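Now for the letters of each chain:
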Amino acid sequence: LVGNPRILLCDEPTAALDTQNAMNTMALLRNLAHDQGRLVVLVTHDHRLEAYADRILLMEDGRIIREETGKSRPAGGSGMRESLPPEKNPPGNAV
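The following paragraphs examine the structure supplied in this document. Only a predicted model underlies this, so the values are computations on that prediction, with no experimental measurement involved. (Residues numbered from 1 in each chain as written. Predicted model: local features only at pLDDT ≥ 70, side-chain atom pairs only at ≥ 80, totals over all residues. Heavy atoms only, no water.)

### A closer look at the side chain of Arg 38
Thought 1: Inspection of the secondary structure assignment puts Arg 38 in the loop between helix 1 (19–34) and strand 2 (39–43).
Thought 2: Buried charge without a partner: Arg 38 forms no salt bridge, and the closest opposite charge is Asp 35, 10 Å away.
Thought 3: Excluding residues within four positions of it along the chain, Arg 38 makes contact with Leu 1, Asn 4, Pro 5, Arg 6, Leu 8, Leu 32 and Ala 33. (Helix = DSSP H or I, 4+ residues; strand = E, 2+ residues; numbered from the N terminus. Buried < 20%, exposed > 50% of the residue type's maximum accessible area, 1.4 Å probe, protein only. Lys, Arg positive; Asp, Glu negative; His and termini not counted. Salt bridge = Lys/Arg side-chain N within 4 Å of Asp/Glu carboxyl O. Contact = heavy atoms within 4.5 Å.)

Structure, rendered in C-alpha coordinates:
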(Lines give C-alpha, C1' and ligand atoms only; values in the text may rest on other atoms or scores of the structure.)
Protein backbone atom coordinates (compact mmCIF):
# COMPACT_ATOMS: atom_id res chain seq x y z
CA LEU A 1 0.00 0.00 0.00
CA VAL A 2 2.12 2.73 -1.44
CA GLY A 3 1.97 6.07 0.33
CA ASN A 4 0.38 4.66 3.50
CA PRO A 5 -3.16 5.88 2.67
CA ARG A 6 -5.58 6.54 5.53
CA ILE A 7 -8.59 5.59 3.37
CA LEU A 8 -8.84 2.49 1.18
CA LEU A 9 -11.58 2.30 -1.45
CA CYS A 10 -12.17 -1.34 -2.42
CA ASP A 11 -14.50 -2.13 -5.31
CA GLU A 12 -15.23 -5.88 -5.35
CA PRO A 13 -11.80 -6.80 -3.94
CA THR A 14 -12.63 -10.52 -3.80
CA ALA A 15 -14.61 -10.88 -7.04
CA ALA A 16 -12.03 -12.89 -9.00
CA LEU A 17 -10.58 -14.82 -6.05
CA ASP A 18 -11.16 -18.35 -4.82
CA THR A 19 -12.71 -18.72 -1.37
CA GLN A 20 -9.45 -19.06 0.58
CA ASN A 21 -7.80 -16.05 -1.06
CA ALA A 22 -10.98 -14.01 -0.64
CA MET A 23 -10.99 -14.72 3.10
CA ASN A 24 -7.26 -13.90 3.30
CA THR A 25 -7.91 -10.60 1.54
CA MET A 26 -10.77 -9.74 3.89
CA ALA A 27 -8.63 -10.59 6.93
CA LEU A 28 -5.93 -8.26 5.59
CA LEU A 29 -8.42 -5.43 5.05
CA ARG A 30 -9.90 -5.92 8.51
CA ASN A 31 -6.39 -5.83 9.99
CA LEU A 32 -5.65 -2.58 8.16
CA ALA A 33 -8.83 -1.07 9.59
CA HIS A 34 -8.59 -2.31 13.16
CA ASP A 35 -4.85 -2.53 13.83
CA GLN A 36 -3.62 0.33 11.67
CA GLY A 37 -6.58 2.69 12.02
CA ARG A 38 -7.36 2.99 8.33
CA LEU A 39 -10.81 3.55 6.93
CA VAL A 40 -11.75 0.74 4.56
CA VAL A 41 -14.74 1.35 2.29
CA LEU A 42 -15.70 -1.86 0.51
CA VAL A 43 -18.36 -2.38 -2.13
CA THR A 44 -19.44 -5.93 -2.91
CA HIS A 45 -22.32 -8.07 -4.12
CA ASP A 46 -21.11 -10.97 -1.93
CA HIS A 47 -23.24 -11.01 1.21
CA ARG A 48 -20.87 -13.53 2.83
CA LEU A 49 -18.44 -10.65 3.40
CA GLU A 50 -20.87 -8.91 5.76
CA ALA A 51 -19.29 -10.83 8.64
CA TYR A 52 -16.13 -8.72 8.24
CA ALA A 53 -17.91 -5.37 8.38
CA ASP A 54 -18.26 -2.99 11.31
CA ARG A 55 -20.90 -1.01 9.44
CA ILE A 56 -23.11 -2.06 6.55
CA LEU A 57 -25.07 0.16 4.21
CA LEU A 58 -27.47 -1.62 1.88
CA MET A 59 -28.18 0.33 -1.27
CA GLU A 60 -30.89 -0.01 -3.85
CA ASP A 61 -31.40 2.24 -6.87
CA GLY A 62 -28.65 4.56 -5.65
CA ARG A 63 -30.19 5.10 -2.21
CA ILE A 64 -29.32 3.75 1.22
CA ILE A 65 -32.27 1.62 2.30
CA ARG A 66 -30.79 0.12 5.46
CA GLU A 67 -27.88 0.60 7.84
CA GLU A 68 -26.46 -1.67 10.52
CA THR A 69 -23.62 -0.84 12.86
CA GLY A 70 -21.95 -2.35 15.91
CA LYS A 71 -24.50 -3.64 18.41
CA SER A 72 -27.41 -3.36 15.97
CA ARG A 73 -25.91 -6.23 13.97
CA PRO A 74 -27.02 -9.75 14.94
CA ALA A 75 -24.31 -12.21 15.99
CA GLY A 76 -22.84 -14.22 13.14
CA GLY A 77 -23.43 -11.65 10.42
CA SER A 78 -25.87 -8.95 9.60
CA GLY A 79 -28.91 -10.96 8.65
CA MET A 80 -29.65 -8.05 6.34
CA ARG A 81 -30.40 -10.24 3.34
CA GLU A 82 -32.88 -12.33 5.30
CA SER A 83 -34.68 -9.26 6.60
CA LEU A 84 -35.68 -7.99 3.17
CA PRO A 85 -38.65 -9.33 1.25
CA PRO A 86 -37.60 -11.62 -1.64
CA GLU A 87 -38.36 -8.98 -4.27
CA LYS A 88 -35.89 -6.67 -2.51
CA ASN A 89 -33.01 -9.17 -2.79
CA PRO A 90 -31.88 -8.90 -6.41
CA PRO A 91 -28.23 -9.59 -7.12
CA GLY A 92 -26.42 -6.29 -7.25
CA ASN A 93 -27.07 -4.85 -3.79
CA ALA A 94 -23.99 -3.15 -2.39
CA VAL A 95 -22.53 -3.70 1.05
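### As for the pairing of strand 2
Thought 1: As paired elements, strand 1 (residues 7–11) and strand 2 share five bridges and run parallel to each other. Within strand 2, the residue paired with Cys 10 across the bridge is Leu 42.
Thought 2: Regarding topology, helix 1 serves as the crossover connection from strand 1 to the parallel strand 2, and that connection is right-handed. (Pairing = 2+ DSSP bridges. Right-handed = clockwise from strand over helix to strand, strands pointing away.)

### Some points on the nonpolar core
Thought 1: Membership of the largest hydrophobic core is limited to seven residues, which are Leu 8, Cys 10, Met 26, Leu 29, Leu 32, Leu 42 and Leu 49.
Thought 2: Looking at this core, the elements with two or more residues in it are strand 1 and helix 1.
Thought 3: When residues of this core are assigned to their parent elements, the largest contribution, three residues, is made by helix 1.
Thought 4: In this structure, Leu 29 is in contact with Leu 8, Cys 10, Pro 13, Val 40 and Leu 42, ignoring residues within four places of it in sequence. (Core = buried A, V, L, I, M, F, W, Y, C linked by side-chain atoms within 4.5 Å.)

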